[in-house]
Amino acid sequence: MTDPIDLSERLRPRILPRPRDAALHARAQREGLTELQARILAGRLAGFEGELAPLVSPSLRYLEHPERLADGRRAAERIAQAVVDGEHIGILTDYDVDGITSHVVIRRTLVELFGVPEARLHSLIGHRIHDGYGISLPLVERTLALSPRPSLVITADCGSSDEPRIARLRASGIEVVVSDHHALPVEGPPPSAYATVNPTRDDCGYPDPTIAGCMVAWLLMSLARQVLIEWGVSPTSTPKLSPWLSYVALGTVADCVSLGGSAANRAVVSHGLTLINRMDAACWRAMAERLGTDSVPFDAETLAFQMGPRINARSRLDDPYAALHFMLAADDATASRHLETLDQDNQSRKAIEAEMTEEARALAMTALTADEPAIVVFLESGHPGVQGIVASRLVQAFGRPTLVLTPAAAPGMLTGSGRSIEGLHLRDALQRTFEQAPEALPRFGGHRGAAGVGVPVDQLGAFRRAFLQAVNEQLGDIELFPRVFTDGELLPHQLSLATLDELEVLGPYGREFDAPLFGGEFRVEALRPVGADGSHLMLELSAGPTVTRAIWFRALTPGELPAFGVGDRLRCAYRLNRNRWRGRESLQLMVEHAEPL
């Protein structure tokens, strides 16, 4: 039994310096970056030996041609043939932001660029709770019940692990073109698919396997455009798909794919944000109105923490089509009406999330006391739509990979979502789990940082044991605790908007290219709890002669008093933030963690 004091110490977040690649730090400065910019790169791109320009100055010229995608030409020609022959086409995508934005890219391309009538298109998006992920059996039955029935189904952000359902569609005369980015099963692409376009294929020549599902869909539809021009069906003046990169930017950021060494992901997010901030589409204008004029221009953080959660909330709690209608809205009134629905769902999601997180944290104590390398919790009354968010909260709190399971729609089954830590490839760990106990994990999918599982109720114990063993094999004897990595300290004169400008040059920030986080010691000049439940702290912090306003979200349990007061000194991990208010800008520190000295 672990001593309570030992457990408390093990769970204490530790502010640590982020490891830096000294050679990259020096090279970046030689190539013209400031010391601070070089420091940021060196802390995120360890071992990177390629050109820095594609990462520091993202550009679409660094995108590779879609012809390099295995099965890309075959898939594009099948789509083009369906357009020429007037076939009915099904668009089948996942229900999250990546899936919804993929859906928009495919649908708008077919209708607006290829001239396919709306009446010949069928939107097929599964219900998270009733249908499950991917090409689920209920979604197959719904497809087969359509009249007229589509002869071609194009998937996006799903399908790579759905061979039995694809075989069912094929047997019924429906050909399936899979476009996806999730890791393929060990046996390879689904053999019943007409084509499988997935950059993670072993035989794929596309150089970047980290692109999101919406980017795969964008590349595939771009190639279909090229095929139609080659066949003489579409004129060479047919517009390119560049405007749709606004949707690709949103899906890429929200799906948490790598923004580190990926020139493609950095390019599409950077260019997509430029398009979004033109506010040409009703969905962007409605969101800007909702967030207030001070929210513009949008940045990657806006997509990750404002737009993404609202779109995801709908599919987490209810039917996902409102999110699709919001993204496709032709006018501001329609977009605002659908956004109101998404916003209400997001508020409900927050309440459910808070309740589930509290229960999950209590259940996690068993694993933490036993010093297990991962957390697996089953919430008997939990909502399946919030599993991933709760798992993320536990990873952040306890520094361990986490799986959160809840009852599935199918009797006798559990469904779960997992989130990982640096150093553990979650999809690989699940593959190893399956190899050890295949009956305990009949369905799983995902990638390095996130994954989903299906587990029989009566196999939960066997699954847990096999998963913990798989995690242990990868992590070895590494000590697990919450880590807060910082990019070092800033001098008092660097606490300025000019420093923030210097850092924003390196954007966009996101997964595997975290926003800069700094460490430092400050004196508390003022503080007061804020927020509806008093759980946030508004602070004034001084470093030398510089006094800066700061906010620490979720610093307190409601009703709790701070462990420090005015005049005390704190060691803080913080981000620089541009606070906009009535057209004026000021620097604000966003405290991630703080502890009294």
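Structure: above.
Calculation notes
Residues numbered from 1 in each chain as written. Predicted model: local features only at pLDDT ≥ 70, side-chain atom pairs only at ≥ 80, totals over all residues. Heavy atoms only, no water. Helix = DSSP H or I, 4+ residues; strand = E, 2+ residues; numbered from the N terminus. Rg over C-alpha atoms; globule rule 2.2 N^0.38 Å. Buried < 20%, exposed > 50% of the residue type's maximum accessible area, 1.4 Å probe, protein only. Arc of directions from axis to C-beta. Contact = heavy atoms within 4.5 Å. Lys, Arg positive; Asp, Glu negative; His and termini not counted. Salt bridge = Lys/Arg side-chain N within 4 Å of Asp/Glu carboxyl O. 1 Å grid on protein atoms, 1.4 Å probe; cavity = no way out; pocket = protein on both sides within 12 Å on 5 of 7 lines; lining within 4 Å. Points joined across faces, edges and corners; volume = space filled by probe spheres on them. Nonpolar A, V, L, I, M, F, W, Y, C, P; charged D, E, K, R; others polar. Core = buried A, V, L, I, M, F, W, Y, C linked by side-chain atoms within 4.5 Å. Expected span 1.5 Å × (residues − 1). Polar contact = N/O pair within 3.5 Å; in protein donor to acceptor, adjacent residues only side chain to side chain. Pairing = 2+ DSSP bridges. Axes fitted to C-alpha atoms, helices over the stretch in contact; angles between N-to-C directions. Patch = residues over 30% accessible without salt bridge, like charges linked within 9 Å, V, L, I, M, F, W, Y side chains within 5 Å. Areas by Shrake-Rupley, 256 points an atom, 1.4 Å probe, with all protein chains shown as cover. Parallel < 35°, antiparallel > 145°, perpendicular 65-115°, else oblique. Left-handed = near helix turned anticlockwise from the far one by under 90°. Phe/Tyr/Trp six-rings, centres within 6.5 Å; stacked < 30°, edge-to-face > 60°. Lys NZ or Arg CZ within 6 Å of the ring centre and 35° of its normal. Charge placed at Lys NZ, Arg CZ, Asp CG, Glu CD.

Caption draft 1: Inspection of the overall build of the chain at higher detail. When helices and strands are counted, the chain shows 19 helices and 17 strands. Taken over the C-alpha trace, the chain has a radius of gyration of 24 Å; the compact-globule value for 597 residues is 25 Å, and the two agree within 12%. C-alpha atoms of the chain, sized along the principal axes, occupy 75 × 55 × 50 Å. Taking all 597 residues of the chain together, the buried fraction comes to 56%.

Caption draft 2: Seen up close, helix α7 (residues 137-144). Taken together, the buried positions of α7 are occupied by L139, V140, T143 and L144. Projected down its long axis, α7 shows its buried positions confined to an angular sector of 135°, all on one face. Where α7 is buried, its residues contact β2 (89-93), β3 (121-125), β4 (152-156) and α8 (163-171).

Caption draft 3: View of the side chain of R225. Note on placement: R225 falls in helix α9 (residues 213-230). Despite its burial, R225 pairs with no opposite charge; the closest candidate is E230, at 9.3 Å N-O.

Caption draft 4: Representation of the layout of surface pockets. When its volume is computed, the second largest pocket comes out at roughly 740 Å³. Around the second largest pocket, the lining is made up of 36 residues, and of these H181, T200, P209, T210 and H425 lie nearest the centre. Residue assignment for the lining of the second largest pocket shows that the elements contributing at least two residues are α11 (263-276) and α17 (426-436). Residue contributions to the lining of the second largest pocket peak at three residues, all from α17. Its residues placed into classes, the lining of the second largest pocket shows 14 nonpolar, twelve polar and ten charged.

Caption draft 5: Spotlight on the nonpolar core. L110, W218, W284, F326, M327, L541 and L576 are the most contacted members of the largest nonpolar core, which has 124 residues in total. At twelve residues, the largest contribution of residues to this core is made by α9. With 27 residues, the next largest nonpolar core counts A374, L426, L430 and F467 among its residues.

Caption draft 6: Just helix α15 (residues 332-369), in detail. Taking 1.5 Å per residue as the helical rise, α15 with its 38 residues ought to reach 56 Å, and the 53 Å between its terminal C-alpha atoms agrees with that figure. Near the N-terminus of α15, the side chain that reaches the backbone nitrogen of A333, with its oxygen 3.2 Å away, is that of D331. Directly beyond the C-terminal end of α15, a positive phi value near 55° is found at D371.

Caption draft 7: View of the sheet that holds strand β14 (residues 536-543). Ordered in space as β13-β14-β15-β17-β16, the five strands form a closed barrel in which the pairing is mixed. For this sheet, the mean angle separating the axes of adjacent strands, direction not counted, is 45°. Against the sheet, helix α19 (residues 497-504) contacts β13 (518-530), β16 (569-581) and β17 (584-596), and its axis sits at roughly 80° relative to β16.

Caption draft 8: A look at the sheet that holds strand β7 (residues 375-378). As summarised here, the arrangement of the five strands in space is β7-β8-β9-β11-β10, forming an open sheet in which the pairing is mixed. Only two strands of the sheet have a single neighbouring strand rather than two, namely β7 and β10 (443-446). In this sheet, neighbouring strand axes are inclined to one another by 15° on average, regardless of whether the strands run parallel or antiparallel. The pairing of strand β8 (residues 402-407) with strand β9 (residues 413-419) spans six bridges and is antiparallel. Of the residues in β9, the one forming a bridge with V404 is S417. In the packing of α15 onto the sheet, the strands contacted are β7 and β8, and the crossing angle to β7 comes to about 130°. Lying on the sheet, helix α18 (residues 460-475) is in contact with β7, β8, β9 and β11 (450-456); it crosses β7 at an angle near 165°.

Caption draft 9: Up close: a nonpolar patch on the surface. A cluster of nonpolar residues, V84, W231 and V233, forms a patch on the protein surface that exposes about 250 Å² of accessible area. In this structure, V233 sits in the loop between α9 and α10 (245-254). Residue V233 is classed as partly exposed on the basis of its relative accessible area, which comes to 44%.

Caption draft 10: Quick look at the packing of helix α5 (residues 72-85) against α9. Where α5 meets α9, the closest approach of the two axes is 8 Å, and the angle between their N-to-C directions is 60°. Classified by the angle between their axes, α5 and α9 sit oblique to one another. As α5 packs across α9, the resulting crossing turns out to be right-handed. Residue-level inspection shows G72, R73, A75, A76, E77, I79, A80, V83 and V84 of α5 in contact with α9, the latter providing L220, M221, L223, A224, Q226, V227, L228 and E230.

Caption draft 11: Structural context of the packing of aromatic side chains. Counting across every chain of the model gives six aromatic pairs. Taking the centre distance of 5.8 Å and the plane angle of 45° together, the rings of F434 and F444 count as tilted. One end of the pair, F434, is in helix α17; the other, F444, is in strand β10, with ten residues separating them in the sequence. Ring centres of Y509 and F513 lie 5.3 Å apart, and the angle between their planes is 15°; this geometry places the pair in the stacked category. Here Y509 and F513 have matching classes, each one buried. Ring pairs connect the aromatic residues F518, F522 and Y574, which therefore count as one cluster. The ring of Y194 carries R74 above its face, with NZ or CZ at 3.8 Å from the centroid. Its end group placed over the ring of F513, R266 keeps NZ or CZ at 4.3 Å from the ring centre.

Caption draft 12: Broad picture of the environment of V216. Position of V216 among the secondary structure elements: in helix α9. On a C-alpha basis, the gap between V216 and A156 in space is 7.8 Å, while along the polypeptide they are 60 residues apart. Among all residues touching V216, those that are not within four sequence positions of it are S179, D180, H181, V197, P199 and I211.

Caption draft 13: Inspection of a negative patch on the surface at higher detail. A contiguous patch of negative charge on the surface is contributed by E355, E358, E359 and E380. Among the secondary structure elements, E358 is positioned in helix α15.

Caption draft 14: Here's a closer look at the environment of T200. Inspection of the secondary structure assignment puts T200 in the loop between β6 (195-197) and α9. Classification of T200 by relative accessible area gives partly exposed; the value is 25%. Placed 31 residues apart in sequence, T200 and W231 show a C-alpha to C-alpha distance of 29 Å. Polar side-chain contacts of T200 include one of 2.7 Å to the side chain of N198.

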